[in-house]
Amino acid sequence: MNKAKNPTGAGAIIALLIMAGAIGGGLLGQPSIGLLVGTGAGILIALLLWLRERKA
């Protein structure tokens, strides 16, 4: 029997981390760097989720 997998979407995580990075960076006076850090963190988490589900 094949069990249907329900993959986890990471788009919301990426979007929220981008916004959080931009806001956090703006509070520190560097919104562009915050945006880049948030984007990198979101992509990293999305890749980790993808790898976890790929193994399952």
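- As recorded in an unreviewed UniProt entry, the protein goes by LytS/YehU family sensor histidine kinase and comes from Sphingobium scionense.

### A short note on helix α2 (residues 31-55)
So, step 1. When the terminal C-alpha atoms of α2 are compared, their 36 Å separation across 25 residues agrees well with the 36 Å that a helix rising 1.5 Å per residue should span.
So, step 2. The set of residues buried in α2 consists of G34, G38, G42, A46 and L49.
So, step 3. Next to the buried residues of α2 lie α1 (11-27).

### Details of a nonpolar patch on the surface
So, step 1. Judged by side-chain polarity, I43, L44, L47, L48, W50 and L51 come together as a nonpolar surface patch covering roughly 590 Å² of accessible area.
So, step 2. Note that I43 resides in helix α2.

### Comments concerning the environment of G34
So, step 1. Counting through the fold element by element, G34 comes out in helix α2.
So, step 2. For G34, a relative accessible area of 9% corresponds to the buried category.

### Some details on the UniProt feature "transmembrane region" (unreviewed entry) in the protein
So, step 1. Taking the numbering used here, the UniProt-annotated feature "transmembrane region" (unreviewed entry) corresponds to residues 32-51.
So, step 2. Secondary structure content for residues 32-51 is 100% helix and 0% strand, and the end C-alpha separation is 29 Å.

Parameters at a glance
- Residues numbered from 1 in each chain as written.
- Predicted model: local features only at pLDDT ≥ 70, side-chain atom pairs only at ≥ 80, totals over all residues.
- Heavy atoms only, no water.
- Helix = DSSP H or I, 4+ residues; strand = E, 2+ residues; numbered from the N terminus.
- Expected span 1.5 Å × (residues − 1).
- Buried < 20%, exposed > 50% of the residue type's maximum accessible area, 1.4 Å probe, protein only.
- Contact = heavy atoms within 4.5 Å.
- Patch = residues over 30% accessible without salt bridge, like charges linked within 9 Å, V, L, I, M, F, W, Y side chains within 5 Å.
- Areas by Shrake-Rupley, 256 points an atom, 1.4 Å probe, with all protein chains shown as cover.
- Salt bridge = Lys/Arg side-chain N within 4 Å of Asp/Glu carboxyl O.
- UniProt positions renumbered as here; feature names shortened; annotations may be inferred.

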